[in-house]
Amino acid sequence: MKILKWLSVADRFYKIYLDKQLAPFGMNSSQYMFFIKICDSPGILQDSLMDMFYIHPSNIVRTIAALEKQGMITRCPNKEDKRTWKLYPTDSALSVLEEIRTVCENTEALLLQGLSEAEKNLFIELLMRAGKNITAELHIERKEEEFND
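Here is what the cut-offs are and how they apply
Throughout this description, residue numbers start from 1 for each chain and increase along the sequence as written. In keeping with the predicted nature of the model, local features appear solely for residues at pLDDT of at least 70, side-chain atom pairs appear and are counted solely at 80 or more, and the whole-chain, interface and lining totals rest on all residues. To get the side-chain values, all heavy atoms of the structure are used, and hydrogens and water are removed first. In this analysis, strands are considered paired if DSSP registers two or more bridges between them. For helices the rule is a DSSP run of H or I covering at least 4 residues; for strands it is a run of E covering at least 2, with both sets numbered from the N terminus onward. By definition, residues are in contact when any of their heavy atoms lie within 4.5 Å. For helices, the axis comes from a line fit to the C-alpha atoms of the stretch in contact; other axes are also lines fit to C-alpha atoms, and the angle between any two N-to-C directions lies between 0 and 180 degrees. Each patch is built from residues that are more than 30% exposed by relative accessible area and take part in no salt bridge. Like charges join if they lie within 9 Å; nonpolar side chains (Val, Leu, Ile, Met, Phe, Trp, Tyr) join within 5 Å. The Shrake-Rupley method, run with a 1.4 Å probe sphere, supplies the accessible areas, and residue values consider only the shown protein chains as cover. By definition here, a salt bridge exists when the distance from a side-chain nitrogen of Lys or Arg to a carboxyl oxygen of Asp or Glu is within 4 Å. For this analysis, a nonpolar core means a set of buried residues of the types Ala, Val, Leu, Ile, Met, Phe, Trp, Tyr and Cys, connected via side-chain atoms within 4.5 Å. Relative accessible area decides the class of each residue, using a 1.4 Å probe on protein chains only: under 20% of the type maximum gives buried, over 50% gives exposed, and in between gives partly exposed. Any angle from 65 to 115 degrees is called roughly perpendicular, while one under 35 is roughly parallel, one over 145 is roughly antiparallel, and all others are oblique. When the near helix sits turned anticlockwise from the far one by under a right angle, the crossing is termed left-handed; a clockwise turn instead gives a right-handed crossing. Three residue categories are used. Nonpolar comprises Ala, Val, Leu, Ile, Met, Phe, Trp, Tyr, Cys and Pro, charged comprises Asp, Glu, Lys and Arg, and polar comprises the others, including Gly.

K.L.:
Could you give me a rundown of the sheet that holds strand 3 (residues 85-89), with the residues and numbers involved?
P.N.:
As summarised here, the arrangement of the three strands in space is 1-3-2, forming an open sheet in which the pairing is antiparallel. The sheet is open, and its two borders are formed by strand 1 (44-45) and strand 2 (73-77), each paired with just one other strand. Where strand 1 lies against strand 3, two bridges are found, and the strand directions are antiparallel. Each residue of the ladder has a partner; that of Leu-45, found in strand 3, is Lys-86. Sitting on the sheet, helix 4 (residues 57-69) is in contact with strand 2 and strand 3, with an inclination near 115° to strand 2.

As structure tokens, then:
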């Protein structure tokens, strides 16, 4: 059970660390993934975030609402389907995007500190395979490219 223990430890403490690093931007560890994806894909459908991040729809709705309240994104009705929303970054979001990317990159570097490039690549490969294994067992259909983000 060492794997489960250390996955839990790493998850818990990287989130605490990342929360502290993102606090000056009014953001936290549960929001940054959505923030970056929306900035990188203006007009992305809110519903598509569920498939990308394996997160329950109610959590996505809460996170999107928080980002909107903070002035980081805007929601616009989808003209093709009025039941869905398109998400766009605001100028405020774009002005801090690179700083937030840097915070995330630095956090990843901290997690991988002391590993060789080969070890880093192997670690990422093994995490992706573990993710594929558990999603397959839960019968969650994933596209291969979704594991590469």
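K.L.:
Tell me what's going on with a nonpolar patch on the surface, and back it up with residues and numbers.
P.N.:
On the surface, Met-1, Ile-3, Leu-4, Leu-7, Leu-115, Phe-123, Ile-124 and Leu-127 cluster together into a nonpolar patch covering about 860 Å² of accessible area. Where the nonpolar patch is concerned, the elements lending two or more residues are helix 1 (2-22) and helix 6 (117-137). Here Ile-124 lies in helix 6.

K.L.:
I'd like a description of the nonpolar core, backed by residues and values.
P.N.:
In terms of nonpolar packing, the biggest core is built from 25 residues, with Leu-22, Met-27, Phe-35, Leu-49, Met-72 and Ile-100 touching the most fellow members. Sorting the residues of this core by element identifies helix 1, helix 2 (32-40), helix 3 (48-53), helix 4 and helix 5 (91-111) as the ones contributing at least two each.

K.L.:
Please provide a residue-by-residue account of the side chain of Asn-78, values included.
P.N.:
As for its position among the elements, Asn-78 is in the loop between strand 2 and strand 3. Residue Asn-78 is classed as buried on the basis of its relative accessible area, which comes to 4%. For Asn-78, the residues in contact, after removing those within four places along its chain, are Leu-45, Thr-84, Trp-85 and Lys-86.

K.L.:
Pulling in residues and values, what's your account of the packing of helix 1 against helix 5?
P.N.:
Relative orientation of the contacting elements helix 1 and helix 5 amounts to 150°, with a least axis distance of 10 Å. Considering the angle they form, helix 1 stands roughly antiparallel to helix 5. Of the two elements, helix 1 crosses helix 5, and the hand of that crossing is right-handed. Together, Tyr-14, Tyr-17, Leu-18, Gln-21 and Leu-22 of helix 1 and Ile-100, Val-103, Thr-107, Leu-110 and Leu-111 of helix 5 make up the contact between the two elements. Within the contact of helix 1 with helix 5, the residues separate by chemical class into eight nonpolar, two polar and no charged.

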